[in-house]
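Coordinate analysis (summary)
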Amino acid sequence: MATVVLVGTQWGDEGKGKVTDYLAAKADIVVRYQGGNNAGHTVVVGEEVFRLHLIPSGILYPDKICVIGNGVVIDPAVLINELDALAAREVPTARLVISERAHVILPYHRYLDELEEDKKGAGKIGTTRRGIGPAYVDKVGRVGVRMIDLLDTETLRRKIRQNLEDKNHLFSRVFGAEPLDADAITRDYERYAGRLAPLVADVSILLHEAIDQGKNILFEGAQGTLLDVDHGTYPYVTSSNPTAAAAALGAGIGPTKIDRVVGVCKAYTTRVGEGPFPTELRGEMADRIRERGGEYGTTTGRPRRCGWLDAVIVRYAARINGLDFLAVTKLDVLTGLDTLRICRGYRYGGQLLTEFPASLSVLAGAEPVYDELPGWDEDISGVRLYEDLPPRAQDYLERITELTGVPVALVGVGTRRSQMLVRHDVFGQGK
Ligand code: GDP
Ligand code: IMO
Ligand code: MG
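Residues numbered from 1 in each chain as written. Chains lettered and ligands numbered in written order. Predicted model: local features only at pLDDT ≥ 70, side-chain atom pairs only at ≥ 80, totals over all residues. Heavy atoms only, no water.

1. Notes on the nonpolar core
- Judged by nonpolar contacts, the single largest core of 72 residues is most densely connected at Phe219, Leu331, Leu389 and Tyr396.
- The biggest single contributor to this core is helix 11 (residues 311-321), with six residues.
- Not counting chain neighbours up to four residues away, the residues in contact with Phe219 comprise Thr3, Val4, Val5, Leu6, Val31, Tyr33, Leu207, Ala247, Ala251 and Ile253.
- By size, the runner-up hydrophobic cluster in this structure holds 40 residues, among which are Ile74, Val91, Val104 and Tyr108. (Core = buried A, V, L, I, M, F, W, Y, C linked by side-chain atoms within 4.5 Å. Buried < 20%, exposed > 50% of the residue type's maximum accessible area, 1.4 Å probe, protein only. Helix = DSSP H or I, 4+ residues; strand = E, 2+ residues; numbered from the N terminus. Contact = heavy atoms within 4.5 Å.)

This is the structure in structure tokens:
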């Protein structure tokens, strides 16, 4: 019995959805604790492909309680669409519980995300334009609308009106854009409130009771460590904390209640959007990895930038998150390459850097120093036991552990539930 936090160790899209879905088989409750529908988690079950943005990946089991914690920002229209799309595919969704303290994304957040990105031009962040950043800005600025406010018509009406008074000035005077209509927004959001009201509850109480009863709880991170607003490649980050400590804050439990942290690490590196990426590849090798790995954004469809595995960032993620284990995904995508490279440091100004630097200009000038390992040709997509992996694939995984200091508990060799090799039971070891 344990509480396990699962986080991305890179720039997102590591395969957290798939690993969550796999581990959820043993969990009683699956919790999202930050981010919003900027996330895109693809889960393959049998012949079916599910793309989840807000609902935890545990929803694909009929008996798991799924929780959206207070740390998440919720676009109610997107959530309702996601619920309807799942229902249309006969996935029951009544087991979803939404925190009354989670903040709501409003049309003015999406609008502002668009306007700010367009205004930045070449200096843009490359956001998903889902209004995530502006919604978190309002939360910290103490003018946000929480789920509990959404359910209270008077409060909702007042907050939208007050917020739009300021924001419409901003839209017209700073951006030269059209103002938005408070009444129209309020009417739509009242409708959403009616639909979501039965799902809204005090999530912290639910989780505390479950922990007291010794239930298995899985916290599903969105984004990744290098997109963390505190620890990532700022300002090319998202506006929340995808790292493990935020699971406590974003779900309403104390940090002493977290037993274990698992980092999901793609066998190579990808990034969507702008910002530094020292091991980025261009040309043929990047194209090959992108095509073999299907590296196109789940949320925006953008081609993902691809590069070699960067052990500097994964070791950094191990420190920031306190990782107990790694889940290495997409090892199958590297099959057939003659030589594989893993970055173990950066050369900068005549020095070898082995710790991830905060400075963007250092990152821009950092030249990766690589270990080279021979690749393997054998098809590994049918392998089910670690010992049956080709020795060179095992060597690759062992080198990851050597360079990061974190043992590998799970290895992904394909998109399906069955295509996972297990070396450690992450729930099975108690506290
Ligand atoms: P997330 O955002 O971290 O949940 O990751 P995404 O779902 O955005 O991207 C990961 C993609 O890789 C998805 O399309 C998964 O189906 C796929 N995937 C996950 N694990 C594996 C694996 O081990 N092998 C292969 N070939 N694909 C995988
Ligand atoms: P999952 O959960 C990859 C990136 C965006 C952009 C930056 C800020 O699927 O791993 P935002 O819209 O959050 O303000 O954009 O963060 N980004 C992601 N990249 N995977 C994600 O989620 C992401 N969520 C946000 O591309 O660079
Ligand atoms: Mg994704």
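2. Some thoughts on the domain arrangement of the chain
- The domain architecture assigned to the chain consists of domain 1 (3-93 + 202-422) and domain 2 (103-198).
- With 28 residues of domain 1 at the contact, the number on the domain 2 side is 21 residues.
- When the buried surface of domain 1 facing domain 2 is broken down by residue, Val73, Pro76 and Ile80 rank first, second and third, together holding 25% of it.
- Counting across the domain 1 and domain 2 interface gives three salt bridges.
- Residues Arg110 and Asp75 are paired through a salt bridge, measuring 2.6 Å at the closest nitrogen-oxygen approach.
- If you look at where domain 1 meets domain 2, you find 10 residue pairs in polar contact (both at pLDDT 80 or more).
- Counting residues per element, the ones that place at least two in the side of domain 1 that touches domain 2 are strand 6 (73-74) and helix 2 (76-88).
- In terms of residue count, the dominant contributor to the side of domain 1 that touches domain 2 is helix 2 (six residues).
- When the residues that make up the side of domain 1 that touches domain 2 are grouped by side-chain class, the tally is 11 nonpolar, 13 polar and four charged. (Domains from an automatic or database assignment. Buried area = accessible area lost by both parts, 1.4 Å probe. Salt bridge = Lys/Arg side-chain N within 4 Å of Asp/Glu carboxyl O. Polar contact = N/O pair within 3.5 Å; in protein donor to acceptor, adjacent residues only side chain to side chain. Nonpolar A, V, L, I, M, F, W, Y, C, P; charged D, E, K, R; others polar.)

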